[in-house]
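Residue-level structure breakdown
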Amino acid sequence: MTQPRKKVLNNSALKGVRVLEVGLYIALPLASRMLASLGAEVIKVESGKALDAAWFSPTWSPGLNQLEFRQLKRSATLDLRNPKGQQLLKRLVAMSDIFMTNYGRDTLARFGLDFPQLKEIKNDLIILWQTGLGGSGPYGGYKAYGQLIQHACGISTMSGTPDNPGVVNAAYSDYHTAIFNTTAVLGALNRRRITGNGTLIECPIYESGVCTVGPALLNYQANNIKAIPSENRHPFAAPHGAYPCKGDNCWCVIAVFTDVEWESLCRVMGNPQWTREAKFATMAGRLRNVSELDRLVGEWTRGYTHREVTTMLQREGVASGIVAKGEDLATDEHLKHREFYREGTYYTANPQKKSSEWPTAGPGYYTSVPIQFSETPCTYGPIPRPGQDNDFVYGELLKLSAEEMKTLAEEGVFV
Amino acid sequence: MTGETEILEPKGSGFLPPYRILDLADEKGVFCGKILADMGAEVIKIEPPGGDKTRSWAPFYHNEIHPEKSLYFLYYNTSKRSVTLNLEHSDGRDLFKRLVKTADVVIETFPPGSLKKLGLGYDHLRKINPRIVLASITAFGQTGRYAKYKSSDLITMGMSGYMQVTGDPDGPPLRLGNEHSHFPASQYGASAILAALYYRDTQSGKGQHVDVSVQEALLTYYLEQVPAAYWLHHKQNVTRSGLNSPVLIPGGLYPCKDGWVSMLVATADEWETLARWIYEVKKNEDILDPKYKGVLYARQPYRDVLTAYFMDFTVEYTKQDFFMEAQKRGLVALPANTPEDLVKDPQLTARGFWVELDHPIVGKLKYCRGALYSDDMPPPGRAAPLLGEYNEQVYCREMGFSLGELTSLRSSGVI
């Protein structure tokens, strides 16, 4: 694990860009976290009372996940239902480049923060509005969770088998949305540099996922083909799948696309008799007899650990790998070399207590942004408690006096 | 040869500035160029003279095997232009270097070191054009012990641990359908390119090399499972959980008359509503038992019995009817859509998600607009290019070759 680096200020890709974030859960906070790692100043305005559900994830160590979603952000607490809170937010909008939210538009309107009102405050503001099933249309008002939207997006019915769809134990459509969010905002910054104009972009989770269904959408239109779930197999590669290895729930993956690779695999397996059978001599034959082939390859892989199979096959030019478990990832030399996992401390949320009193926990581990820039390396660092930066945001940025701050605090504006 | 670049199409009408992007990517990065092209960048797909390998990939329009009818190629190359160029040929490489002079970005997915061997590594390119951004999208990144590993969708799905959390607890690890591993890295690639361009144009005046790893990108698409941290805390591994969540009851997929529906209950009120609905339909008195009441995790001890009740109940409905009825009652359920469902989906249609594009060989099909909606972002306007469709425009009209020279470049195998 890599210790947090000091933030390098002189070559950040987004130096001087200020992002104002009002949003919850995964997709929106992860997007602005990436912007923070790219050097933007991200101010998260949130409630210190109605805590983001993400504070309670994972259940066995609440707050750990926030190392991913709050990296390097500033946090200011604000009651947006309070008209004075709304005024303060508008003043922050006036000094920001980007406003990101996943609140419903009716909620924003109730706060006097609907998009036309925001544009009035700052004409070249970039607004990113993330939605679930979409902000309009017949399902526009429907309740939905990212974890369910992924199934509406189509990939579940294209995975596994017809009787048993492939379901990921995670809300992957949220992540598609997160990175489309960053693409949208970064595109808008480049556009603003040339045109001087702000913009409003909506990024729904639903469409973010549907885009990844790909050619199957055309295949239905052109050929009336309903997608067939792919399992682990491949139309022109065999063997192609996950095979059991020595150890508890240990698996490797092997993908053989050419006859040369097949011969290499046979050599590594020690050229057992069955590999010389005519039915396995060509790709077409291997595909025709794929169930038997998979069984026989699996009998061989069972004699080795997943790492042993991978090393032996890669040495001979056969695409192979481990099905990585947490243990494999945490101890992996390649990921260590690339400084992929990092170490940080976090806070155990407790709604009954002030956030300044939440106990520190850790060390916890979080991931690097999976991009290595030669000139503007991503930066990493601490995460804020809710309201930790109130003095900076309201005092230094908005230049409220100590007295004004005190009064507003007493009125409950900063809760 | 003229030094001037003739502008033949109105430029700057897209959302993005008309950055010129040379796209050398295979399946790992083909979606990256598509995202940027659909947003208005000028993406030139550089194909070997025989055509990109994915032109021979199924499915095909009307199932006719033809280099202009691959639905795979058609889906992933909308809004791009195609020129042919042989990078194996020294004159081809010279021509490529001349294109690099006019470009902002090169996207490539070759095994690390391959471009360098051709004299086209980042150090060579930046000498030709210091402003160039080189984006490399590879299975395991440019550095580290797996950098040269042979890979494929299946292999990175395994090596990222994504398969460890996909499928049944008792079954083999599964991959997601539609070669899903390529999307996260391509999305990060698009963001990385836009960040590097912003840095170039606001601060440094210089390009840079960005290194995206498919494995690492996938590792950030199931962050809530924190696989490495879970192992470090518990010395146990997170694993597959099948169709339903082990802790949220209900949470996941349940069978319908015509497929699957996803459902999740978060609040105590939602549970009341669901329990009463099940009682209405199935006259199951046990479902009303107070021991099942409560929020999120309250029903965890009763997973098996309740899951049996749910399956017995959801199967009475079609997935669309269940979805509609659930929403009417204030519950969150969504159908597990197939590609066919998506093409016919009233929400996507009402939102203007489908864009009809005309292709000279296959004619009109409906394509995805993309994940982003903005009044400032015109939808994709052009179907995928024919092989070398823009040779004359790029080589003759822009770079100043005569038609005769073009013919001789073609006959000598350069283009």
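Quick caveat, the model's predicted, so the values are computed rather than measured.

Brief notes about the overall build of chain B
- Helix and strand counts for chain B come out as 16 helices and 11 strands.
- Expressed along its principal axes, the backbone C-alpha trace of chain B runs to roughly 85 × 50 × 45 Å.
- Looking at chain B as a whole, 63% of its 415 residues qualify as buried.
- In chain B, the proportion of contacts linking residues at least 24 apart, taken out of those at least 6 apart, comes to 68%.
- For chain B, the exposed area adds up to about 14,900 Å²; of that, 52% sits on carbon and sulfur atoms.
- Looking at chain B, you have 46 positive and 50 negative side-chain charges, and the mean spots of the two groups are 5 Å apart.

Here's the deal with the environment of Glu 179 of chain B
- For Glu 179 of chain B, the location among the structural elements is in the loop between α6 (153-159) and α7 (182-204).
- With a relative accessible area of 19%, Glu 179 of chain B lands in the buried category.
- Along the sequence, Glu 179 of chain B and Met 157 of chain B sit 22 residues apart, while their C-alpha atoms lie 9.0 Å from each other.
- What Glu 179 of chain B contacts, discounting residues up to four positions off in sequence, is His 234 of chain A together with Asp 153 of chain B.

Observations regarding the interface of chain B and chain A
- Taken together, the contact between chain B and chain A spans 147 residues of the former and 151 residues of the latter.
- With both sides pooled, the region where chain B packs onto chain A buries about 12,500 Å², and carbon together with sulfur makes up 63% of that total.
- Across the chain B-chain A interface, the total number found is 9 salt bridges.
- Between Glu 270 of chain B and Lys 143 of chain A there is a salt bridge, with the nearest N and O atoms lying 2.8 Å from each other.
- Where chain B packs against chain A, one counts 75 residue pairs in polar contact (both at pLDDT 80 or more).
- Of the residues forming the side of chain B that touches chain A, the biggest block, 16 residues, is contributed by α7 of chain B.

With respect to helix α3 (residues 90-101) of chain B
All names here are of chain B.
- The end-to-end C-alpha distance of α3, which contains 12 residues, comes to 17 Å, matching closely the 16 Å that a straight helix rising 1.5 Å per residue would cover.
- Of all the residues in α3, the buried ones are Gly 92, Arg 93, Leu 95, Phe 96, Leu 99 and Val 100. End-on view of α3: buried residues confined to an arc of 160 degrees, all on one side of the axis.
- Tucked inside the fold, the buried residues of α3 contact β1 (20-23), β2 (42-47), β4 (105-108), α5 (122-128), α15 (391-398) and α16 (403-411).

Comments concerning the pairing of strand β8 (residues 199-204) of chain A
Residue and element names in this part refer to chain A.
- Burial within β8 is extensive, with 5 of its 6 residues counted as buried.
- Relative to β8, strand β5 (residues 126-131) runs parallel, the two sharing 6 bridges. Across the sheet, the residue bridging to Trp 129 is Glu 202, located in β8.

Here we look at the packing of helix α1 (residues 30-38) of chain B against α7 of chain B
Residue and element names in this part refer to chain B.
- Two numbers describe how α1 lies on α7: the axes approach to 7 Å, and their chain directions differ by 50 degrees. Taken together, α1 and α7 sit at an angle that is classed as oblique. In the packing of α1 onto α7, the handedness of the crossing is right-handed. Side by side, α1 and α7 meet where Val 30, Phe 31, Cys 32, Ile 35 and Leu 36 of the first sit next to Phe 183, Ser 186, Gln 187, Gly 189, Ala 190, Ile 193 and Leu 194 of the second.
- Taken together, the residues of the contact of α1 with α7 break down into 9 nonpolar, 3 polar and no charged.

Regarding the sheet that holds strand β10 (residues 251-255) of chain A
Residues and elements named next belong to chain A.
- The strand order across the open sheet built from 3 strands is β9-β10-β11, with neighbouring strands paired in antiparallel fashion. The two strands at the open ends of the sheet, each matched to only one other strand, are β9 (240-244) and β11 (319-322). Looking at each pair of strands side by side, their axes are set apart by 20 degrees on average, direction ignored.
- Both β9 and β10 contribute to a ladder of 5 bridges, which runs antiparallel. Along β10, the bridge assignment pairs Ala 242 with Val 253.
- Set on the sheet, helix α12 (residues 290-301) makes contact with β9 and β10; between it and β9 the angle comes to about 40 degrees.

Here's the deal with the pairing of β10 of chain A
Residues and elements named next belong to chain A.
- Within β10, 5 of the 5 residues are buried, leaving the element largely enclosed by the surrounding structure.
- Burial of β10 is two-sided: the residues Trp 251, Val 253 and Ala 255 facing one way and the residues Cys 252 and Ile 254 facing the other way are all buried.
- Remark: 6 residues form the turn of the hairpin made by β9 and β10, two consecutive strands paired antiparallel; Gly 247 in that turn has positive phi of roughly 110 degrees.
- Relative to β11, β10 is paired through 4 bridges, and the arrangement is antiparallel. Among the inter-strand pairings, Ile 254 is bridged to a residue of β11, identified as Ser 320.

Overview of unusual backbone geometry
Residue and element names in this part refer to chain A.
- The amide bond that connects Ser 57 to the next residue, Pro 58, takes the cis arrangement and shows omega of -10 degrees.
- Look at the link from Gly 362 to Pro 363: it is a cis peptide, with omega at 5 degrees.
- You can see Pro 363 is positioned in strand β13 (residues 360-367).
- Of note in this structure, Asn 249 is not a glycine but carries a positive phi near 50 degrees.
- With respect to the helices and strands, Asn 249 occurs in the loop between β9 and β10.

Regarding the confidence of the model for chain A
- Mean pLDDT over chain A stands at 95; residues scoring 70 or higher make up 98%.
- Below pLDDT 50 for its whole length, residues 1-9 of chain A participates in 24 contacts with residues either more than four positions away or in separate chains.

Considering empty space enclosed by the protein
- Counted by the stated rule, this structure contains 6 cavities of 30 Å³ or more.
- Approximately 200 Å³ is the volume attributed to the largest cavity.
- Lining the largest cavity are 17 residues, with Ile 35, Asp 38, Arg 369, Gly 370 and Ala 371 of chain B sitting closest to its centre.
- Its residues assigned to classes, the lining of the largest cavity comprises 13 nonpolar, 1 polar and 3 charged.
- In this model, the second largest cavity occupies a volume close to 80 Å³.
- Glu 68, Tyr 341, Tyr 365 and Thr 367 of chain A together with Leu 219, Tyr 222, Leu 223, Val 226, Pro 227, Ala 228 and Ala 229 of chain B are the residues that line the second largest cavity.
- If you list the elements that add at least two residues to the lining of the second largest cavity, you get β13 of chain A together with α9 (227-234) of chain B.
- Per-element tally for the lining of the second largest cavity: the top contributor is α9 of chain B, with 3 residues.

Side note on the packing of α15 of chain B against α16 of chain B
Residues and elements named next belong to chain B.
- Where α15 contacts α16, the axes come no closer than 10 Å and their chain directions differ by 125 degrees. One finds that α15 runs oblique with respect to α16. Judged by the twist between their axes, the crossing of α15 over α16 is right-handed. Of α16, the residues touching α15 (which contributes Asn 391, Glu 392, Tyr 395 and Cys 396) are Leu 403, Leu 406 and Arg 410.

Here's the deal with the sheet that holds strand β9 (residues 332-335) of chain B
Residue and element names in this part refer to chain B.
- Strand order in the open sheet formed by 3 strands is β7-β8-β9, and the pairing between neighbours is antiparallel. What marks the edges here is a single partner per strand, and that holds for β7 (251-256) and β9. Here the average twist between neighbouring strands, direction ignored, is 30 degrees.
- Both β7 and strand β8 (residues 259-264) contribute to a ladder of 6 bridges, which runs antiparallel. Of the residues in β8, the one forming a bridge with Leu 253 is Ser 262.
- Strand contacts of helix α11 (residues 303-314): β7 and β8, with the helix running at about 40 degrees to β7, the strand carrying the most contacts.

What about the side chain of Ser 181 of chain B?
Residues and elements named next belong to chain B.
- Turning to its location among the elements, Ser 181 is positioned in the loop between α6 and α7.
- One polar contact links Ser 181 to Asp 153, side chain to side chain, over a distance of 2.6 Å.
- When neighbours within four sequence positions are excluded, Ser 181 is seen to be in contact with Asp 153, Thr 156, Met 157, Val 214 and Leu 218.

Conventions we followed
Residues numbered from 1 in each chain as written. Chains lettered and ligands numbered in written order. Predicted model: local features only at pLDDT ≥ 70, side-chain atom pairs only at ≥ 80, totals over all residues. Heavy atoms only, no water. Helix = DSSP H or I, 4+ residues; strand = E, 2+ residues; numbered from the N terminus. Buried < 20%, exposed > 50% of the residue type's maximum accessible area, 1.4 Å probe, protein only. Contact = heavy atoms within 4.5 Å. Areas by Shrake-Rupley, 256 points an atom, 1.4 Å probe, with all protein chains shown as cover. Lys, Arg positive; Asp, Glu negative; His and termini not counted. Charge placed at Lys NZ, Arg CZ, Asp CG, Glu CD. Buried area = accessible area lost by both parts, 1.4 Å probe. Salt bridge = Lys/Arg side-chain N within 4 Å of Asp/Glu carboxyl O. Polar contact = N/O pair within 3.5 Å; in protein donor to acceptor, adjacent residues only side chain to side chain. Expected span 1.5 Å × (residues − 1). Arc of directions from axis to C-beta. Pairing = 2+ DSSP bridges. Axes fitted to C-alpha atoms, helices over the stretch in contact; angles between N-to-C directions. Parallel < 35°, antiparallel > 145°, perpendicular 65-115°, else oblique. Left-handed = near helix turned anticlockwise from the far one by under 90°. Nonpolar A, V, L, I, M, F, W, Y, C, P; charged D, E, K, R; others polar. pLDDT = per-residue confidence, 0-100. 1 Å grid on protein atoms, 1.4 Å probe; cavity = no way out; pocket = protein on both sides within 12 Å on 5 of 7 lines; lining within 4 Å. Points joined across faces, edges and corners; volume = space filled by probe spheres on them.

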